[in-house]
Amino acid sequence: MSTPSLYQQALAQIYKAYSQDVGKALVHMGTAGWLFSAIAQVAMIATNKNMDKKEKQFLIPQEIADGAINVGLFFTVSKLIKDYADKFVESGKIALKRTDAIIDRLNNTNQSNANYIKGISDKYADIVKNSNIDETLKKNILNGKDKYTSLFYEKAISELENLSKSKGNIFSKNANNLIAHKADQNLLNALKQGQKEFLGFKNGVGVIAAIAASVLASNIITPVCRNIVANKCQDNCKKQEQKPVYNHMPLNPTFSTPLIPKSATFGAFRV
């Protein structure tokens, strides 16, 4: 069996990271675009032979600051709005009809469906905290504990699959077990279909949120902040240029040579 090349491994990692979250890919790609644009702008000024050194010393820091604002604000604003949209969907405040019906079917408490799936996530997080699993794995799991609906689907499907495996061949022994197995299998199929639908819905909402956030950051917030910083930089430069320059003379100057040469002539008189 041939070993995958580094290029294939990189593609696999990219697919794993972004296949279920295209909105995140848009945020990262947009940020990378702003970053490379800023680097290209600074490099263009630095290598321009038609600009003198003094002009470059003024423009390069200004372009670096401009690029930092563009990249920082774009990433911050886009990620903030994208994450908020994800949490809104995961919390169950926006629930698909199929997902709401499945949760309602399994919810045997007096809580709302949103609180029910949050309770499942919190209990799972407590179990993970007190477990002896690898710390890196524990951290990754706990970082995703706010993904209430996704975690609900993952745990429900996992438990039903494990239940079917543990029952083994006992389903063939009596009718009651066969009925129970069929009911479990129907629920498992419904969970898998609901999970697929939910992940597609979440992905779509994430894409819309990422695009809207990028428009807001690129066309409204970033230009305003950039202009504010540019105006302050210009004001500081003007103040530096307007400072008076004084040529200070010493109070008691000492001259190494006579002020008036001996050979100097004033009119008809010679000194």
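That block above? That's the structure.
Caption draft 1: Inspection of the layout of surface pockets at higher detail. Looking at the largest pocket, its volume works out to about 920 Å³. Along the walls of the largest pocket sit 29 residues, with Asp-21, Asp-86, Gly-144, Lys-147 and Lys-202 positioned nearest its centre. The set of elements that each furnish at least two residues to the lining of the largest pocket consists of helix 1 (6–18), helix 2 (22–46), helix 3 (53–90), helix 6 (135–143), helix 7 (148–167) and helix 8 (175–242). With seven residues, the single largest contributor to the lining of the largest pocket is helix 3. Of the residues contributing to the lining of the largest pocket, the split by class is seven nonpolar, eight polar and 14 charged. Volume-wise, the second largest pocket comes out at about 320 Å³. Residue lining of the second largest pocket: 14 residues in total, with Tyr-116, Ile-120, Lys-155, Ala-156 and Glu-159 positioned closest to the centre.

Caption draft 2: Up close: the environment of Phe-201. Assignment of secondary structure puts Phe-201 in helix 8. Looking at Phe-201, the relative accessible area reads 24%, which means it is partly exposed. Along the backbone, Phe-201 and Ala-95 are 106 residues apart, and their C-alpha atoms lie at a distance of 9.7 Å.

Caption draft 3: Expanded view of the pattern of salt bridges. Within this structure, the stated rule accounts for seven salt bridges. Across the pair Lys-82 and Asp-21 runs a salt bridge whose closest N-O atoms are separated by 2.9 Å. Remark: Asp-21 occurs in the loop between helix 1 and helix 2 and Lys-82 occurs in helix 3; sequence separation between them is 61 residues. Summarising the burial analysis for this pair, Lys-82 and Asp-21 share the class buried. Here Asp-122 makes a salt bridge to Lys-118, at a shortest N to O gap of 3.0 Å. Pair noted here: Asp-122 and Lys-118 are both in helix 5 (residues 113–129), with a separation of four residues, about one helical turn. On the accessibility criterion, Asp-122 (27% relative accessible area) is partly exposed. For Lys-118, a relative accessible area of 34% translates into the label partly exposed.

Procedures and definitions
Residues numbered from 1 in each chain as written. Predicted model: local features only at pLDDT ≥ 70, side-chain atom pairs only at ≥ 80, totals over all residues. Heavy atoms only, no water. 1 Å grid on protein atoms, 1.4 Å probe; cavity = no way out; pocket = protein on both sides within 12 Å on 5 of 7 lines; lining within 4 Å. Points joined across faces, edges and corners; volume = space filled by probe spheres on them. Helix = DSSP H or I, 4+ residues; strand = E, 2+ residues; numbered from the N terminus. Nonpolar A, V, L, I, M, F, W, Y, C, P; charged D, E, K, R; others polar. Buried < 20%, exposed > 50% of the residue type's maximum accessible area, 1.4 Å probe, protein only. Salt bridge = Lys/Arg side-chain N within 4 Å of Asp/Glu carboxyl O.

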